[in-house]
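Chain by chain, the residues run as shown.
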Amino acid sequence: MVQFSEKFRGFLNDRWLVFVASMWVQSCSGIGYLFGSISPVIKSGMGYNQRQIALLGVAKDLGDAIGFLAGILCEVLPIWAVLFIGVVQNFVGYGVVWLIVAHKLPALPLWVLCVLIFIGTNGETYFNTGALVSCVQNFPKSRGPIVGILKGFAGLSGAILTQVYAMFNFPDQASLVFMVAVGPSIVITAVMFLVRPVGGHKQVRPSDHSSFLFIYSICVILAAYLLAVLLLQDLSSLNENVVIFLTIVLLILIVLPIIIPIFLVFFSEPRPVLEESLLPEPEKQESSRMGSFILSLSEVEDERSSEEDTLPSSERQKRIAHLQAKLYQAAAEGAVRVKRRKGPRRGEDFTLLQALVKADFWLIFLSLVLASGSGLTVIDNLGQMSQSLGYSNTHIFVSMISIWNFLGRVAGGYFSENIVKYYAYPRPVAMAAVQVVMAFALFFYAMGWPGSIYVVSVLIGLGYGAHWAIVPAAVSELFGLKSFGALYNFLTLASPAGSLIFSGVIASGIYDYQAKQQHEHWIQSSGLGLGVPLVVKDDFLTCYGSICYSLTMGIMSGLCIIAFILSMIVVHRTKRVYAQLYGKPLA
């Protein structure tokens, strides 16, 4: 009995349990992805027009993007308190929206609903931040897979919640808003005390690689299953029992990873005591010994041999320590010049303000604005793009890009981790690679080649998703874990900032212009405009053909090439940092 009690305590403090619980949190946290299903309910229930719904969409985007407070609170509050704040915001925001839409409360002005939507959606920033901060600290040497899988589940959450809603067969549409308010709140409240840093860097097991492969397998099966369910529901009318069965299978797939911590704690042999360093040992020694000073002289690099990076870690540490001792002795005798350090160096812990004055941080941010902003523009306009090409079932492409977005996040984390782990090459090179792929997909559409909508759906989904696995992991490596929540939430502003320009100005402006040109041409060719002043109403014009978005896609293809150049500059600037972080020689 005593042994079981000890194992149960070990189970509660196992980093794999924290990771699985964080996956469940993320599977409920993509509330913003459900707005496309919620907005028609609000529109019909409140009698709003499309312009008013668009304002609610802006409030949703702002709530999804502004996560500064969540990042700051992660540094001063326990993770469960951060998650609980998100639960309260989600429950209150969408709960009151449901009461209004279901006419259980009197109708309130539009601005009040905008505030409520903002509050409710902003709750997911607390869910994302709490889960990511906990797991990145618990798995410091597996940041790519961790971020990729967690962000992937966030991207799939809309499809998961929609499928769960279909199972309950609620009598009215307003119940979808009710489920968004109550469902995530219940799940996250149930697991919020499990999601926390547990000293996971001291819990390394030889079986960790196999555990990651198992979770990757679950991710692939889950994506394929959801795609099959979506197609099945679209092509045939399913009865209630079949929908319930399909949803139960989906929930089993989501719960299945709990097998890993159960097996590791209760059924496997005691693990050897291993530990992953949160910071490379030479950096730790140097930071502790030097305090707020650094040695600045050209002779430092002269004394440091070029063979040092090829040595084993322990031997390299001894040589660096010996060199440091000589340098300190020289400094004490006045033979070298000592200057006061101006903040941390790459690979150490930065605050957000310290990171904001670094060129690497802004290069990453601007690259993200251009590339992920282009990806989000495609995602936001995909329904209208497919409609302009003559497809009637536009939601198929929307669902398809969501699933490829999920796979892109998982694959981006996996492949970028291999790059840093086996080659010690900068992780942003993976970001540069997917930006080239996105540029090709956008150029393919701009040229109007056959099947372009399928190429865009697959490659843009993969590329956009991969960014949100690669970038947070890279930033945590270059700027540390201490303020990771604040750094991550600042980066989340990049996508909406890019989309605001590319979609709100470029894409919409070109679309309206082409629609107006087509409308004028149709009137003139039909003879309706002869002898009559031509009046064209812009608000409800529809554009047809690839011409509607071809110029926009061409522009964004060029922007992705610029993003690629910016990413490669980061790669060039951080080669030595990654060589030190992962203890490998430079290529």
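Going by the annotation in an unreviewed UniProt entry, the name recorded for the protein chain is Nodulin-like domain-containing protein, with Solanum stoloniferum given as the source organism. What the UniProt record of the protein chain gives under Subcellular location (unreviewed entry) is the line "Membrane". Per UniProt, the protein chain carries the Sequence similarities (unreviewed entry) text "Belongs to the major facilitator superfamily. Phosphate:H(+) symporter (TC 2.A.1.9) family."

Chemist: Outline the overall build of the protein chain, supporting the account with residue identities and numerical values.
Modeler: A tally of regular secondary structure across the protein chain gives 24 helices and two strands. In the protein chain, buried positions account for 52% of the 587 residues. Counted over contacts in the protein chain with a minimum sequence separation of 6, partners at least 24 positions apart contribute 84%. Entry remark: accessible area of the protein chain is about 26100 Å², with carbon and sulfur atoms responsible for 66%.

Chemist: An account of the packing of aromatic side chains is needed here, citing residue identities and associated values.
Modeler: Going through the model one piece at a time under the given rule, you end up with 28 aromatic pairs. Plain terms: the ring middles of Tyr 216 and Tyr 414 are 5.1 Å apart, the flat faces sit at 85 degrees to each other, and that makes the pair edge-to-face. In this pair, Tyr 216 is assigned in helix 10 (residues 208–235) and Tyr 414 in helix 18 (residues 394–423), connecting sequence segments 198 residues apart. We classify Tyr 216 as buried; its relative accessible area is 10%.

Chemist: Any details on the nonpolar core? Residues and values, ideally.
Modeler: Counting 92 residues, the largest nonpolar core has Phe 19, Ile 42 and Leu 56 as its most contacted members. If you tally residues by element for this core, the top one is helix 7 (residues 110–138), at twelve residues. Every residue in contact with Phe 19, bar those within four places of it in the chain, is listed here: Cys 135, Phe 139, Ile 146, Ile 149, Leu 150, Phe 212 and Ile 215. Ranked by size, the runner-up nonpolar core spans 63 residues in total, among them Leu 368, Val 420, Leu 541 and Met 556.

Chemist: Can you tell me about helix 11 (residues 240–255), naming the residues and giving the values?
Modeler: For helix 11, which comprises 16 residues, the first-to-last C-alpha distance of 23 Å matches the rise-based estimate of 22 Å (1.5 Å per residue) to within 8%. Lining the buried residues of helix 11 we find helix 2 (15–26), helix 8 (143–168) and helix 10. Backbone nitrogen of Asn 241 and a side-chain oxygen of the N-cap are separated by 3.1 Å at the start of helix 11; the cap is Asn 239.

Chemist: Can you explain the environment of Tyr 445? Please cite residues and give values.
Modeler: As for its placement among the helices and strands, Tyr 445 is situated in helix 19 (residues 428–446). For Tyr 445 and Ser 550, which are 105 residues apart along the polypeptide, the C-alpha to C-alpha distance reads 6.4 Å. Excluding anything up to four places from it in sequence, Tyr 445 contacts Met 385, Ser 388, Leu 389, Ser 452, Ile 453, Val 456, Ser 546, Tyr 549, Ser 550 and Met 553.

Chemist: Explain the state of the cysteines to me, using residue names and the numbers behind them.
Modeler: Under the definition given, this model contains one disulfide. Here Cys 543 connects covalently by a disulfide to Cys 548, the sulfurs 2.0 Å from one another. The disulfide joining Cys 543 to Cys 548 has a torsion of about -95 degrees about its S-S bond and is therefore left-handed. Note on accessibility: Cys 543 and Cys 548 belong to one class, buried.

Chemist: Requested: an account of the pattern of salt bridges, with residues and values cited.
Modeler: Enumeration according to the criterion identifies eight salt bridges in this entry. We note a salt bridge from Asp 14 to Arg 205, for which the minimum N-O separation is 2.8 Å. Of the two residues, Asp 14 sits in the loop between helix 1 (2–12) and helix 2 while Arg 205 sits in the loop between helix 9 (175–191) and helix 10, which places them 191 residues apart along the sequence. Asp 14 gets classed as buried once you look at its relative accessible area, which sits at 2%. On the basis of relative accessibility, which here comes to 10%, the residue Arg 205 falls in the buried class. We note a salt bridge from Glu 477 to Arg 427, for which the minimum N-O separation is 2.5 Å.

Chemist: Now, about the confidence of the model for the protein chain: what can you tell me, with residues and values included?
Modeler: Across the protein chain, the average pLDDT comes to 83, with 83% of residues at or above 70. The low-confidence segment residues 281–304 (pLDDT under 50) makes 48 contacts with residues lying over four places distant or belonging to another chain. Confidence over residues 531–539 falls short of pLDDT 50; this stretch has nine contacts with residues more than four positions distant or in other chains.

Chemist: So, the side chain of Asp 14: which residues are in play, and what are the values?
Modeler: A polar side-chain atom of Asp 14 sits 2.8 Å from a polar atom in the side chain of Arg 205. With near-sequence residues (within four places) excluded, Asp 14 lies in contact with Val 198, Gln 203, Arg 205, Pro 261 and Val 265.

Chemist: Provide a residue-level description of unusual backbone geometry, including the pertinent values.
Modeler: With a phi close to 65 degrees, His 103 is a non-glycine residue in the positive phi region. Take His 103: it is sitting in the loop between helix 6 (79–101) and helix 7. Within the chain, Ala 424 stands out as a residue other than glycine whose phi angle is a positive 50 degrees. The residue Ala 424 is located in the loop between helix 18 and helix 19 in this model.

Chemist: Just give me the short version of a nonpolar patch on the surface, but keep the residues and values in it.
Modeler: Nonpolar side chains collect at one region of the surface, where Trp 80, Phe 84, Val 88, Phe 91, Val 92 and Phe 193 lie side by side and expose about 560 Å² of accessible area between them. Take Trp 80: it is sitting in helix 6. Take Trp 80: its relative accessible area is 38%, and that puts it in the partly exposed class.

Chemist: Before we move on, could you go through the packing of helix 17 (residues 359–388) against helix 20 (residues 452–479) and cite the residues and values that matter?
Modeler: Axis separation between helix 17 and helix 20 bottoms out at 10 Å; the angle between their running directions is 155 degrees. By the criterion of interaxial angle, the relationship of helix 17 to helix 20 is roughly antiparallel. For the crossing formed where helix 17 meets helix 20, the hand is left-handed. Looking at the contact of helix 17 with helix 20, its residues break down into 18 nonpolar, five polar and one charged.

Criteria and thresholds
Residue positions are counted from 1 within each chain, in the order its sequence is given. Local features in this predicted model are restricted to residues of pLDDT 70 or higher, and side-chain atom pairs are both shown and tallied only at a pLDDT of 80 or more, whereas totals for entire chains, interfaces and linings draw on every residue. Only hydrogens and water are set aside; all other atoms, that is, all heavy atoms of the structure, feed into the side-chain values. UniProt positions are given in the numbering used here, feature names are shortened, and annotations may be inferred rather than shown by experiment. Each helix corresponds to a stretch of at least 4 residues labelled H or I by DSSP, and each strand to a stretch of at least 2 residues labelled E; elements are numbered beginning at the N terminus. Burial classes: relative accessible area under 20% of the type maximum marks a residue as buried, over 50% as exposed, and values in between as partly exposed (1.4 Å probe, protein chains only). Between two residues, a contact is recorded if the distance between any of their heavy atoms is within 4.5 Å. Accessibility throughout is a Shrake-Rupley quantity obtained with a 1.4 Å probe, and a residue counts as covered only by protein chains that appear here. Geometry of aromatic contacts follows a simple scheme: Phe, Tyr and Trp rings, the Trp one being its six-membered ring, pair when their centres are within 6.5 Å, and the pair is stacked under 30 degrees between planes, edge-to-face over 60, tilted otherwise. Nonpolar cores are built from buried Ala, Val, Leu, Ile, Met, Phe, Trp, Tyr and Cys residues. Side-chain atoms within 4.5 Å join them into one set. A helix is expected to span 1.5 Å for every residue after the first. Counting of polar contacts relies on pairs of N or O atoms within 3.5 Å, with two restrictions inside protein: one atom must be capable of donating a hydrogen and the other of accepting it, and residues adjacent in sequence are counted only when both atoms are side-chain atoms. Note on terminology: disulfide denotes any pair of cysteine sulfur atoms within 2.5 Å. Salt bridges are counted wherever a side-chain nitrogen of Lys or Arg sits within 4 Å of a carboxyl oxygen of Asp or Glu. The predictor rates its confidence in each residue with pLDDT, a number between 0 and 100. Like-charged residues within 9 Å of one another, or nonpolar side chains (Val, Leu, Ile, Met, Phe, Trp, Tyr) within 5 Å, are grouped into patches, provided each residue has over 30% relative accessible area and no salt bridge. Fitted lines through C-alpha atoms give the axes, limited to the stretch in contact for helices. The angle between two N-to-C directions lies from 0 to 180 degrees. An angle counts as roughly parallel when it lies under 35 degrees, as roughly antiparallel when it exceeds 145, as roughly perpendicular when it falls between 65 and 115, and as oblique in every other case. We call a crossing left-handed when the near helix sits turned anticlockwise from the far one by less than a right angle, and right-handed when that turn is clockwise. Three classes are used, and their members are as follows: Ala, Val, Leu, Ile, Met, Phe, Trp, Tyr, Cys and Pro are nonpolar, Asp, Glu, Lys and Arg are charged, and the others, Gly among them, are polar.

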